[in-house]
Amino acid sequence: MALEFRSVTKEFLTRSGEVLTAVSDVSFVVNEGEFVSVVGPSGCGKSTLLSMTAGLYQPTQGEVLVSGEVVRGPNGHVGFMLQKDLLLPWRNIVSNVEFGLEARGVPAADRRRRAMAELERCHLAGFENHFPYQLSGGMRQRAALARTLAIEPEIVLLDEPFSALDAQTKLLLQNSFAGTIAESRKTTLLITHDLAEAVLMSDRILVLSERPGRVVAEIVVDLPHRDEPLRRRTMPEVSDYAGQIFRHLKLEEKAI
Amino acid sequence: MTQATPVPAGAQAPARKERQGKAAMAATHSTLFASLALLVLVLLAWEFLPPALGVPKFIIPTVSDCIVELQRMWTQESLLAHTFSTALYTVLGFAIGSLLGAAIGYVLGMSEFWEKVLSPYILALQIAPKVAFAPLFIMWFGYNSMPKLLVTVLIVFFPVLVNVLQAMKTVDRDLINLARAYNLSRWRIFRKVEMPSTMPSLMAGLRIASTLAVIGVTVGELVGGNTGLGFLISYGGGQANAAMVFNAIVLLTVIGFVLYSALARVEARVLHYLPKAQG
Ligand SMILES: Nc1ncnc2c1ncn2[C@@H]1O[C@H](COP(=O)(O)OP(=O)(O)OP(=O)(O)O)[C@@H](O)[C@H]1O
Ligand SMILES: [Mg+2]
């Protein structure tokens, strides 16, 4: 098991002193090499799950395990990526990709070699000396993926990585991410608002309730071509799956 | 701009670039020309208007009077030594003040506790007119170069401190979290994320500080001492030699301008990664 949540509850203290429960009693497992998506209404604690996996903060109750070890703080097993690319504007692309390796005492020549290999894999060869502002939004996200994969994490966490992109770039980037991730066989947790995206990219989908978030449904996507969302997209079953999630989120009731 | 006829992208790009380059060059040329023309106009007005209106020379000396006086100051008042002294203390005060300001800004930016403890005093000192400390410093240190250096350091210190501190507080939290997730130590997070993030604000602070440095030194020299352009101003004022005062002011401005331009150059280098505004 690459990732496991054991009855995790997270409470925050708000500024006014009240206790806000972001997620409540969440349990799930992500197996090695699996691609799992998490969908749920805004504010239900999806990003909170991600931060706890990355070790940025601790659950109030329960525990998070990565590769069988309880997460007690930031650790090298997890790489994460957000909607913002978080590239350092003062560094060129290749040294941005090297950023995560710098804390681990990897020799400079090795770092460069690994970063170049990741850039190649993320279809950014030739852009290593560009600065972030010289790249398009989609290319910047690919650079951020290269940086995430360069540290060779056991788990890749993606928090709405495509939501700031236009529709076409999004499709192409989903395809290229899916290919890259399948090729590297990484265990992946994707957080998204886009139901179609969840169906196109995942092996399994977890649906969270309104805050406090709990897992209300688990949907196994039994379709081929996980590594090629553009091909999966043409399959008629996709809309059935999306409809299923739609019902679990009770979107019709809210529309009234 | 919309183009109907398809043009091979490769062929079109360099031509357009060149045209844009030429247009930009023409634009800088014309602004430069206008600026120079304005200067000539002002100098002409200065030369001919006051005499025409019957303003006496000891009130507003003409340009040619000032140039004559400049030659006299050069030979009889050791103008070069005074100018050099002022320039030296401007740079020295600027360097010490901004180094201290930046250092303390970064330290306070890393410690929320001390920032909260000290912020009311920082605000108070920031508001206090720093140049008013000059007589005090003279009482403490005597008529030497210490008071003017201290006034300059003090006046330079705050804008740098405040800019750095503000920038430290607004560094992107997600960026810091990313660095934390990569297991970077506190010191490395500072060096690799926070420090570079604050660079634009630091540079802006330094630019403000450079203009204030000249004021600091001038006040220090005006109040006490017998060297520097500030001293020449008070000396010339005492003798009702307006041309001397004018000349000293011009030279002070030149010193400030040189310092500012040097910083603007450094800034353009350091912040090369910021996208330049188009057009
Ligand atoms: N550090 C924090 N301190 C206090 N409250 C927080 C903190 N982080 C998150 N919260 C609260 O916890 C709840 C869940 O936040 P979270 O960011 O996990 O939601 P989300 O599901 O990712 O939402 P979205 O889909 O809009 O990104 C929100 O109500 C938020 O206000
Ligand atoms: Mg979120």
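So, how was this worked out
- Residues numbered from 1 in each chain as written.
- Chains lettered and ligands numbered in written order.
- Predicted model: local features only at pLDDT ≥ 70, side-chain atom pairs only at ≥ 80, totals over all residues.
- Heavy atoms only, no water.
- UniProt positions renumbered as here; feature names shortened; annotations may be inferred.
- Helix = DSSP H or I, 4+ residues; strand = E, 2+ residues; numbered from the N terminus.
- Rg over C-alpha atoms; globule rule 2.2 N^0.38 Å.
- Buried < 20%, exposed > 50% of the residue type's maximum accessible area, 1.4 Å probe, protein only.
- Contact = heavy atoms within 4.5 Å.
- Areas by Shrake-Rupley, 256 points an atom, 1.4 Å probe, with all protein chains shown as cover.
- Lys, Arg positive; Asp, Glu negative; His and termini not counted.
- Charge placed at Lys NZ, Arg CZ, Asp CG, Glu CD.
- Domains from an automatic or database assignment.
- Expected span 1.5 Å × (residues − 1).
- Patch = residues over 30% accessible without salt bridge, like charges linked within 9 Å, V, L, I, M, F, W, Y side chains within 5 Å.
- Salt bridge = Lys/Arg side-chain N within 4 Å of Asp/Glu carboxyl O.
- Buried area = accessible area lost by both parts, 1.4 Å probe.
- Polar contact = N/O pair within 3.5 Å; in protein donor to acceptor, adjacent residues only side chain to side chain.
- Nonpolar A, V, L, I, M, F, W, Y, C, P; charged D, E, K, R; others polar.
- Near = heavy atom within 4 Å.
- Pairing = 2+ DSSP bridges.
- Axes fitted to C-alpha atoms, helices over the stretch in contact; angles between N-to-C directions.

Looking up chain A in an unreviewed UniProt entry gives the name ABC transporter ATP-binding protein, with the organism given as Chelativorans intermedius. Taken verbatim from the UniProt record of chain A, the Sequence similarities (unreviewed entry) comment is "Belongs to the ABC transporter superfamily."

(A) Up close: the overall build of chain A. Looking only at helices and strands, chain A features 9 helices and 10 strands. Computed over its C-alpha atoms, the radius of gyration of chain A comes to 18 Å, within 12% of the 18 Å expected for a compact globule of 256 residues. Projected onto its principal axes, the C-alpha coordinates of chain A cover approximately 55 × 45 × 35 Å. Here chain A holds 256 residues, and 55% of them are scored as buried. Considering only intrachain contacts with a sequence separation of at least 6, the fraction spanning at least 24 residues in chain A is 68%. Just so you have it, chain A exposes about 11100 Å², and 48% of that area is on carbon and sulfur atoms.

(B) View of the overall build of chain B. When helices and strands are counted, chain B shows 10 helices and 0 strands. In terms of overall dimensions, chain B is more spread out than a globule: its C-alpha atoms have a radius of gyration of 25 Å, far above the 19 Å expected for 279 residues. Its C-alpha atoms put chain B at 70 × 65 × 30 Å along the principal axes. A total of 279 residues make up chain B; the buried ones form 38% of that total. Looking at chain B alone, contacts between residues at least 24 apart form 72% of all its contacts between residues at least 6 apart. Total accessible area on chain B stands at roughly 16300 Å², and carbon and sulfur atoms take up 72% of it. Across chain B, the mean location of the 20 positive side-chain charges is 11 Å away from that of the 12 negative side-chain charges.

(C) Up close: the domain arrangement of chain B. Along its sequence, chain B is carved into domain 1 (18-53) and domain 2 (63-270). Placing a centre on the C-alpha atoms of domain 1 of chain B and another on those of domain 2 of chain B gives a separation of 31 Å.

(D) Local environment of helix α10 (residues 242-270) of chain B. Residues and elements named next belong to chain B. Given a rise of 1.5 Å per residue, 29 residues ought to cover 42 Å, and the 42 Å separating the end C-alpha atoms of α10 matches this to within 8%. Restricting attention to buried positions, one finds in α10 the residues A242, A243, M244, V245, N247, A248, L252, I255, G256, L259, L263 and E267. Looking at the buried side of α10, the elements it contacts are α2 (63-76), α3 (79-110), α8 (186-223) and α9 (229-238).

(E) How the structure looks around the UniProt feature "domain: ABC transporter" (unreviewed entry) in chain A. Listed under "domain: ABC transporter" (unreviewed entry) in the UniProt record, and renumbered for this structure, are residues 3-235 of chain A. Between the C-alpha atoms that bound residues 3-235 of chain A there is a distance of 30 Å. The span itself is 31% helix and 26% strand.

(F) Local environment of a nonpolar patch on the surface. Residue and element names in this part refer to chain B. Residues F113, W114, V117, L118 and Y121 make up a contiguous nonpolar surface patch of about 530 Å² in total accessible area. Within the element layout of this structure, L118 appears in helix α4 (residues 112-127). Accessibility expressed as a relative area gives 32% for L118, which makes it partly exposed.

(G) Region of the structure containing the interface of chain A and chain B. Taken together, the 21 residues of chain A in the interface contact 20 residues of chain B. Overall, the association of chain A and chain B removes approximately 2100 Å² of surface from exposure, summing both partners, and the carbon and sulfur fraction of that is 65%. By the criterion of area lost to chain B, the three top residues of chain A are A:W90, A:F99 and A:Y133, representing 30% of everything that side buries. On the surface where chain A and chain B come into contact, there are 3 salt bridges. Taken together, the links from chain A to chain B amount to 5 residue pairs in polar contact (both at pLDDT 80 or more). Class assignment for the residues of the side of chain A that touches chain B results in 13 nonpolar, 4 polar and 4 charged.

(H) Structural detail: the site of ligand 1. Residue and element names in this part refer to chain A. Near ligand 1 lie 13 residues; those nearest to it are S42, G43, K46, S47 and T48. At a separation of 3.2 Å, an oxygen atom of ligand 1 approaches a polar backbone atom of C44. The separation between an oxygen atom of ligand 1 and a polar side-chain atom of T48 is 2.5 Å. Protein chains bury 65% of the 640 Å² of accessible surface belonging to ligand 1 in isolation. Counting residues per element, the ones that place at least two in the shell around ligand 1 are β2 (19-30) and α1 (46-54). The greatest single-element share of the shell around ligand 1, amounting to 3 residues, is contributed by α1. Split into classes, the residues belonging to the shell around ligand 1 amount to 4 nonpolar, 6 polar and 3 charged.

(I) Structural detail: the environment of B:L178. Of note, B:L178 is situated in helix α7 (residues 173-181). For B:L178, a relative accessible area of 1% translates into the label buried. Each C-alpha atom of the pair B:L178 and B:I189 lies 9.7 Å from the other, and the pair is 11 residues apart in sequence. When near neighbours in sequence (up to four residues on either side) are disregarded, B:L178 contacts A:F80, A:L86, A:F99 and A:R147.

(J) Seen up close, the sheet that holds strand β10 (residues 215-220) of chain A. Residue and element names in this part refer to chain A. As summarised here, the arrangement of the 6 strands in space is β6-β7-β8-β3-β9-β10, forming an open sheet in which the pairing is mixed. Looking at strand neighbours, the two that pair on one side only are β6 (78-81) and β10, the edges of this open sheet. Within the sheet, the average angular offset between the axes of one strand and its neighbour, ignoring direction, is 15°. The sheet contact formed by strand β3 (residues 35-39) and strand β9 (residues 204-208) spans 4 bridges and is parallel. Looking at the pairing, V38 lines up with L206 of β9. Sitting on the sheet, helix α8 (residues 237-248) is in contact with β3, β9 and β10, with an inclination near 175° to β10.

(K) Representation of the pairing of β3(A). All names here are of chain A. Most of β3 sits out of view: 5 of its 5 residues are buried. In this structure, β3 lies alongside strand β8 (residues 187-191), joined through 4 bridges in parallel fashion. Looking at the pairing, F35 lines up with T188 of β8.

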